[in-house]
Amino acid sequence: MTDPIADYLTRLRNAIHAGHRVVEVPSSKMKKEITKILFEQGYILNYKFMEGPTPSGTIKIALKYDPVDKVNAIKALRRVSRPGLRQYTGYKDMPRVLNGLGIAIISTSKGVMTNKQAADEKIGGEVLCYVY
């Protein structure tokens, strides 16, 4: 697999469109950090890191749905930077997703964080994805 983050986002997107409650994805350090950010921002209900057949294990993610009309909390997941074309940004040119309603996940020298956290700490980095 050439782009594990795109694979992670595609598995989440497919599970959402299929209406699944839980999705399992292969684990890595970057995927664990992205999962923690999605949980902290309220886009997923819960997550669990499990040891499994692969050396790094798996991540079990419980997707968050509205109890009344069964709409998922994640409307769209979009990969921005990819192996063939990396997208970087400085803290002054930080992207705004849906006029501040969504988040951009940024990989910085101080770890993976949201665009708002990166702007507050005045550091830039690689724009991994948009979530709204």
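Our structure's up above, just so we're on the same page.
A quick note: this is a predicted structure, and the numbers were derived from the prediction, not measured. (Residues numbered from 1 in each chain as written. Predicted model: local features only at pLDDT ≥ 70, side-chain atom pairs only at ≥ 80, totals over all residues. Heavy atoms only, no water.)

1. Describing the sheet that holds strand 3 (residues 58–63)
An order of 1-3-2 is seen for the 3 strands of this open sheet, with the pairing classed as antiparallel. Looking at the sheet topology across the chains shown, the edges are occupied by strand 1 (22–26) and strand 2 (44–50). Strand-to-strand twist of the sheet, defined as the mean angle between neighbouring strand axes without regard to direction, takes the value 20 degrees. Against the sheet, helix 1 (residues 4–18) makes contact with strand 1 and strand 3, and its axis sits at roughly 165 degrees relative to strand 1, the strand it touches most. Of the strands in this sheet, strand 1, strand 2 and strand 3 are in contact with helix 2 (residues 29–40), which crosses strand 2 at around 155 degrees. (Pairing = 2+ DSSP bridges. Helix = DSSP H or I, 4+ residues; strand = E, 2+ residues; numbered from the N terminus. Axes fitted to C-alpha atoms, helices over the stretch in contact; angles between N-to-C directions. Contact = heavy atoms within 4.5 Å.)

2. A look at the packing of helix 1 against helix 2
For the pair helix 1 and helix 2, the least separation of the axes is 10 Å and the interaxial angle reads 40 degrees. Looking at the two axes, helix 1 sits oblique to helix 2. Here helix 1 and helix 2 pass one another in a crossing that is right-handed. Facing helix 1, whose interface residues are Pro-4, Ile-5, Tyr-8 and Leu-12, helix 2 presents Met-30, Lys-31, Ile-34, Thr-35 and Leu-38. (Parallel < 35°, antiparallel > 145°, perpendicular 65-115°, else oblique. Left-handed = near helix turned anticlockwise from the far one by under 90°.)

3. Overview of the nonpolar core
Ranked by size, the top nonpolar core spans 25 residues in total, and within it Leu-38, Ile-61, Leu-63, Ile-105 and Val-131 carry the most contacts. No other element matches helix 1, which puts 6 residues into this core. Residues in contact with Val-131, not counting those within four places in the same chain, are Leu-38, Tyr-43, Ile-74, Ala-76, Leu-77, Val-97, Gly-102, Ile-103 and Ile-105. In terms of nonpolar packing, the next biggest core, distinct from the first, is built from 10 residues, Val-80, Met-94, Ile-106 and Met-113 among them. (Core = buried A, V, L, I, M, F, W, Y, C linked by side-chain atoms within 4.5 Å. Buried < 20%, exposed > 50% of the residue type's maximum accessible area, 1.4 Å probe, protein only.)

4. Looking at the pattern of salt bridges
By the definition in use, this model includes 4 salt bridges. The shortest N-O distance in the salt bridge between Arg-11 and Asp-7 comes to 3.0 Å. Of this pair, Arg-11 and Asp-7 both sit in helix 1, 4 residues apart, roughly one helical turn. A relative accessible area of 34% means that Arg-11 is categorised as partly exposed. For Glu-24, the salt bridge is made with Lys-60, and the minimal N-O distance between the two is 3.7 Å. Residue Glu-24 is located in strand 1, and its partner Lys-60 is located in strand 3; the two are separated by 36 residues in the primary sequence. Judged by its relative accessible area of 42%, Glu-24 falls in the partly exposed class. (Salt bridge = Lys/Arg side-chain N within 4 Å of Asp/Glu carboxyl O.)

5. Comments concerning the environment of Pro-95
Mapping Pro-95 onto the fold places it in the loop between strand 5 (88–89) and strand 6 (103–108). Setting aside chain neighbours within four positions, we find Pro-95 in contact with Thr-89, Ala-104, Asn-115, Val-127 and Tyr-130.

6. Focus: unusual backbone geometry
Unusually for a residue other than glycine, Asn-99 sits at a positive phi of about 55 degrees. Positionally, Asn-99 belongs in the loop between strand 5 and strand 6.

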